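Observations on the model geometry
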Protein chains: 2
Amino acid sequence: MLKQPIPTKIYLSEDEMPKAWYNLRADMDPLPPLLNPETRKPCTKEELEAIFCKGCVEQELNETDRYIAIPDEVREFYKMYRPSPLVRAYWLEKALGTPAEIYYKHEGNNTSGSHKLNSAVAQAYYAKQEGIKSLTTETGAGQWGTALSMASAFYGLDLTVYMVKVSAEQKPFRREVMRTYGANVIPSPSETTEVGRKILEKHPGTGGSLGCAISEAVEKATSTENCRYGLGSVLNHVLLHQSVIGLESKVALEKYGVKPDIIIGCAGGGSNLGGLIAPFMGEKLRGEADYRFIAVEPETCPSLTRGKYVYDFGDTGKITPLMKMYTLGHDYIPALTHAGGLRYHGMNTVISALYDKGYMEATSVSQTKVFEAATLFAKTEGILPAPESSHAIRVAIDEALKCKESGEKKVILFGLTGTGYFDLFAYKRFNDGEMVDYAPSDEEIENALAKL
Amino acid sequence: MLKQPIPTKIYLSEDEMPKAWYNLRADMDPLPPLLNPETRKPCTKEELEAIFCKGCVEQELNETDRYIAIPDEVREFYKMYRPSPLVRAYWLEKALGTPAEIYYKHEGNNTSGSHKLNSAVAQAYYAKQEGIKSLTTETGAGQWGTALSMASAFYGLDLTVYMVKVSAEQKPFRREVMRTYGANVIPSPSETTEVGRKILEKHPGTGGSLGCAISEAVEKATSTENCRYGLGSVLNHVLLHQSVIGLESKVALEKYGVKPDIIIGCAGGGSNLGGLIAPFMGEKLRGEADYRFIAVEPETCPSLTRGKYVYDFGDTGKITPLMKMYTLGHDYIPALTHAGGLRYHGMNTVISALYDKGYMEATSVSQTKVFEAATLFAKTEGILPAPESSHAIRVAIDEALKCKESGEKKVILFGLTGTGYFDLFAYKRFNDGEMVDYAPSDEEIENALAKL
């Protein structure tokens, strides 16, 4: 297609929105299966259906269909906040004085404040279709909990959210958004579940973690009638739903004849990153195109860069299936960081396999460097980014500065997963000069990995 | 134009964005002039230029040019967050079971969280052009302060924001956003100005008001070298800048052959309302089309519905020029309400004149009714609205319900001025069932008006 002047924001029409999700596993060798935590044998469909909705389980186990149709009802909901804009970061480029072209896919323009709504809608839709009455989930930064609250309110489902205690304390207003959407929000670990009580006994006063909150939510779902658990990241059906990010980005770039050289995403459980890269990685795996992919994680929780590629539990309480993934160990409790959404010990299995085989790179960054990037981005691009997203911004800026040195005109695409309106406690720390960095010592990491 | 299927969100292309603002005064009889607070004679250009940037003063005094060009640099900034979507509220319509068509212009998708950025950019741009080094302003809900912080950061201007004390306390994180953009935020009334000290002496422990904060900001601007004051509403150059809202709405509706019957906006100082209605009201004044216009104000601060159309000061400290407007009196301190942006004693002169001559209607609503509407809107349309904007939502819903009774298929357009991410304290009150309403008694209003 002809190179045309590129607008600041590239919006697709609603007709151009993807009609099917992109299932990257169809381009990959089969992944090591999920294992039953008790028998250590591959999980059966039925076992998974005790936890998740059938629609999600079917997608979780589908390794063959490259495209999986998005139900019309889900597409209608998507139209409330999608397509999301692909933005050319003209002002950031100017501030950096880089010859690089920087683009970002902005997923924060909806009330959940992030990309999380893309999967929440789908999960709540399948629950409703299957006659499920209530859902449970966990939330770290609060974005996923808000997203599932919105989707549950829309489909008339009851929802209980286990919110990582430290996030609930740092973000009281996040809880209030979820309550506005009718959700019951419980700080985790809590006394409402057996696993919560055990964790509290072992670690009194703990601020909790995503791993703990998942255990509680799964226990609650499996012990409540007609109730299922919804997960905001890590599993492959969540990545599948997030592929709308990559699909829309690709169509938008192709409209203007632009091909990215480097694609960057922050990595917690892996869903936004997996969704962003999906169709591009598909091309790379099929040998049709080449791209550099960079996963960015916080130095406090370096599962890809310092973890081990082994089978591990998805949660602290050892209730979930085992996954072959990069992990720091299911009872690794990451140091407190302001990017609550990235405080997860493991990593999605697709991302783990791709990283293991060298199809993508990973790097970790400190939070003060992340907030420096966030502040520059806010001032130049007019968007206050979420701390999680700012990990990707940091590395995008670093790559653009490398281009400035080398004179290369690379095209950089990164995922701006969300906005930081509920992260002002963190910004305050940074603005007050009180933000501290923490990188686990080699001994800490070795001790954690030794348990695997 | 042919009726086409209407998408959920109508986005214009960047080329379709307006190239000129719409100056509604060109369609009206001349307005009573601003008066010098000391001489009570019409303010001269020079007098106004001691307070405001020259570019803004020129616009403030321009009553003849219907279109005033938007500088290219301002249009470039606009492209960071505009055009804003015009949304068809399919899901709200469905929930109400109304035959009415409801549309809203969503101005909240930028970090200031509201339409305020439309004027902030222009004001900061003119300041920069004119060699001004610093700006001062006031903020109530915090949206205007955030907007001017963003614009000032972009153009490299220093900014001091006087924030109504009660808002600063209810919204600590709002302050942090402004700090992130480099602004100096001072709760008002403060000890930093003479007028602030006087107000504190007279009303110790007061939560402040927009009227007080304006006095402080103006004093600071006029007593600081190379500094000007930026105002977020009330004056006509602000309404002019906000006309991008109405212009974009009109183009978007015309694209699909839709003509609104009723146009609704919340009214504090009048800028979003004036901007939304501008090109439509122009047609009405010229006899080219007819529309119903409804201004919605909080019952705690009913300047149009219960005020008097007289000359009054724009601020509590009697520093600003006098304006002929609907007012409750410059020392009327409205009861605390969660719609801080609507707690202003007066009303823009254009809106006042149009209301006085019967070209538009006004109504007032209680805050619990407003939050009921806000919650329904959040659940159906997926956007958590600002309390201010929710005043317009309330009346849009009421009008749609009247259509349900009468069976009329009216087309309703309202302005969704912003999002409520920093208003969760208010939502918490509502969610906890602790929100109370307050309508001033006739005696209170009579006493206030008697001073005029």
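Quick look at the sheet that holds strand E8 (residues 184-188) of chain A now. Residue and element names in this part refer to chain A. In space, the four strands of this open sheet follow the order E8-E7-E6-E9, with parallel pairing throughout. Taken across any chain shown, the strands that pair with only one partner, and hence form the sheet edges, are E8 and strand E9 (227-229). Neighbour to neighbour, the strand axes of the sheet diverge by 20° on average, direction disregarded. Sheet topology places strand E6 (residues 134-139) next to E9; three bridges connect them, and they run parallel. From the neighbouring strand, Leu135 faces E9, where its bridge partner is Arg228. Taken strand by strand, helix H6 (residues 143-155) contacts E6 and strand E7 (158-164), and its axis lies near 160° from that of E6.

Turning our eyes to something else, we now look at the interface of chain B and chain A. In this assembly, 42 residues from chain B lie in contact with 42 residues from chain A. Across the chain B to chain A interface the summed buried area is about 4000 Å²; carbon plus sulfur atoms make up 60%. When the buried surface of chain B facing chain A is broken down by residue, Phe173, Thr180 and Tyr421 of chain B rank first, second and third, together holding 17% of it. Counting every contact that joins chain B to chain A gives two salt bridges. Among the salt bridges present, the one from Asp432 of chain B reaches Arg179 of chain A, with a minimum N-O distance of 2.7 Å. Taken together, the links from chain B to chain A amount to 21 residue pairs in polar contact (both at pLDDT 80 or more). Those elements that place two or more of their residues in the side of chain B that touches chain A are helix H6 (143-155), helix H8 (172-180), helix H15 (367-381) and helix H17 (424-431) of chain B. Broken down by class, the residue content of the side of chain B that touches chain A amounts to 20 nonpolar, 11 polar and 11 charged.

Time to look at the confidence of the model for chain A. Averaged over all residues, the pLDDT of chain A is 95; the fraction at 70 or higher stands at 99%. Here the prediction assigns the complex a pTM of 0.95, and the interface score ipTM is 0.94.

All names here are of chain A. Along its sequence, chain A is organised into domain 1 (9-16 + 82-113 + 242-449) and domain 2 (21-69 + 116-229). For domain 1 versus domain 2, the distance between C-alpha centres works out to 22 Å. Counting residues at the interface gives 51 residues for domain 1, matched by 48 residues for domain 2. Both sides together, the interface formed by domain 1 and domain 2 hides about 4000 Å², and carbon and sulfur atoms give 65% of it. Taken as a group, Ser112, Ile319 and Phe422 account for 16% of the area that domain 1 buries against domain 2, more than any other trio of residues on that side. A salt bridge links Asp27 to Arg286; its shortest N-O distance comes to 3.1 Å. Scanning the region where domain 1 abuts domain 2 turns up 14 residue pairs in polar contact (both at pLDDT 80 or more). Elements supplying a minimum of two residues to the side of domain 1 that touches domain 2: helix H11 (236-255), helix H12 (271-285), strand E12 (308-313), strand E13 (322-327) and helix H14 (349-356). If one sorts the elements of the side of domain 1 that touches domain 2 by residue count, H12 sits on top with six residues. For the side of domain 1 that touches domain 2, the class distribution of residues is 23 nonpolar, 18 polar and 10 charged.

Before going further, it helps to examine the relation of the copies chain B and chain A. Here chain B sits on chain A after a turn of 180° about the axis and a move of 0.0 Å along it, with an RMSD of 0.0 Å. When the rotation and shift are considered jointly, the pair of chain copies conforms to a two-fold rotation axis. Closest approach to the rotation axis within chain B is made by the C-alpha atom of Asn109 of chain B, at a distance of 3.0 Å. A shared binding surface is used by both copies, with 100% of the interface residues of chain B retained as interface residues in chain A.

The next point concerns unusual backbone geometry. When glycine is set aside, most residues are seen to have a negative phi, and most peptide bonds are trans. All names here are of chain A. Between Arg82 and Pro83 the backbone carries a cis peptide bond, its omega angle lying at -5°. Here Pro83 shows up in the loop between helix H3 (72-78) and strand E4 (86-88). Of note in the backbone geometry, Asn226 takes a positive phi value of approximately 55° without being a glycine. Among the secondary structure elements, Asn226 is positioned in the loop between helix H10 (210-222) and E9.

Cut-offs used in this document
- Residues numbered from 1 in each chain as written.
- Chains lettered and ligands numbered in written order.
- Predicted model: local features only at pLDDT ≥ 70, side-chain atom pairs only at ≥ 80, totals over all residues.
- Heavy atoms only, no water.
- Pairing = 2+ DSSP bridges.
- Helix = DSSP H or I, 4+ residues; strand = E, 2+ residues; numbered from the N terminus.
- Axes fitted to C-alpha atoms, helices over the stretch in contact; angles between N-to-C directions.
- Contact = heavy atoms within 4.5 Å.
- Buried area = accessible area lost by both parts, 1.4 Å probe.
- Salt bridge = Lys/Arg side-chain N within 4 Å of Asp/Glu carboxyl O.
- Polar contact = N/O pair within 3.5 Å; in protein donor to acceptor, adjacent residues only side chain to side chain.
- Nonpolar A, V, L, I, M, F, W, Y, C, P; charged D, E, K, R; others polar.
- pLDDT = per-residue confidence, 0-100.
- Domains from an automatic or database assignment.
- Least-squares fit on C-alpha atoms with pLDDT ≥ 70 in both.

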